[in-house]
Amino acid sequence: MKDLFPQDLGDSKKIPLLEHVAERVAELLDRDPELLFSYLYRLDVPESEVNAVIEKGGENIAFHLAEVILQRQQQRQETKSKVDVPKNIDTMGLDW
């Protein structure tokens, strides 16, 4: 997240998260859309949802992409809380 939000998030506690993400998305859309799409891929945001937002267009693309990003992050957190992953998963089955 450090690359996606290079500034200190501690200074932005007064700004709602959705607005903060939307501002950063707008900046990336304007300056480096390829980097934004790379971040969306790394965050595992469904391409179909990104395409739907872009096809819809309008002035609020950054805001709607921010909503999609935050929804996906919420889904990821819910999944992580429900799935118990063994701590030694990296070495399971690799006893050669």
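It should be noted that the structure appears before, not after, this text.
A short tour of the structure in this document, coming up. What you see is a predicted model; the values in this text were computed from it and never measured.

### Here we look at the overall build of the chain
Here's step 1: Broken down by element type, the chain carries four helices and zero strands.
Here's step 2: Its helices and strands taken in sequence order, the chain reads α-α-α-α from the N to the C terminus.
Here's step 3: When each of the 96 residues of the chain is scored for burial, the buried share is 24%.
Here's step 4: In the chain, 55% of the contacts between residues at least 6 apart in sequence involve partners at least 24 apart.
Here's step 5: Summed over all atoms, the accessible surface of the chain reaches about 7,600 Å², with 51% contributed by carbon and sulfur.

### Examining the pattern of salt bridges
Here's step 1: Throughout the structure, instances matching the rule amount to three salt bridges.
Here's step 2: Among the salt bridges present, the one from R72 reaches D44, with a minimum N-O distance of 2.6 Å. Of this pair, R72 sits in helix α4 (residues 61-82) while D44 is found in the loop between α2 (33-42) and α3 (47-56), placing the two residues 28 residues apart along the sequence.
Here's step 3: Counted as one network, the salt bridges with shared partners bring together R24, E27 and R31.

### Description of the environment of Y39
Here's step 1: Assignment of secondary structure puts Y39 in helix α2.
Here's step 2: We classify Y39 as buried; its relative accessible area is 8%.
Here's step 3: Spatially, the C-alpha atom of Y39 lies 10.0 Å from that of V25, the residues being 14 residues apart in sequence.

### Details of α4
Here's step 1: The end-to-end C-alpha separation of α4 is 32 Å, in line with the 32 Å expected for 22 residues at 1.5 Å each.
Here's step 2: When α4 is considered as a whole, its buried residues turn out to be A62, L65, A66, V68, I69, R72 and Q73. End-on, the buried residues of α4 take up no more than an arc of 160 degrees, which puts them together on one face. Exposed and oriented more than 90 degrees from the buried face of α4 are S81 and K82.

### Looking at the packing of helix α1 (residues 17-31) against α4
Here's step 1: For the pair α1 and α4, interaxial distance at closest approach is 8 Å and the crossing angle is 120 degrees. As far as their axial angle goes, α4 and α1 are oblique. Judged by the sense of rotation from one axis to the other, the crossing of α1 with α4 is right-handed. Residue-level inspection shows L17, L18, V21, A22, V25, A26 and L29 of α1 in contact with α4, the latter providing I61, A62, F63, L65, A66, E67, I69 and L70.
Here's step 2: Split into classes, the residues belonging to the contact of α1 with α4 amount to 14 nonpolar, no polar and one charged.

Conventions used here
- Residues numbered from 1 in each chain as written.
- Predicted model: local features only at pLDDT ≥ 70, side-chain atom pairs only at ≥ 80, totals over all residues.
- Heavy atoms only, no water.
- Helix = DSSP H or I, 4+ residues; strand = E, 2+ residues; numbered from the N terminus.
- Buried < 20%, exposed > 50% of the residue type's maximum accessible area, 1.4 Å probe, protein only.
- Contact = heavy atoms within 4.5 Å.
- Areas by Shrake-Rupley, 256 points an atom, 1.4 Å probe, with all protein chains shown as cover.
- Salt bridge = Lys/Arg side-chain N within 4 Å of Asp/Glu carboxyl O.
- Expected span 1.5 Å × (residues − 1).
- Arc of directions from axis to C-beta.
- Axes fitted to C-alpha atoms, helices over the stretch in contact; angles between N-to-C directions.
- Parallel < 35°, antiparallel > 145°, perpendicular 65-115°, else oblique.
- Left-handed = near helix turned anticlockwise from the far one by under 90°.
- Nonpolar A, V, L, I, M, F, W, Y, C, P; charged D, E, K, R; others polar.

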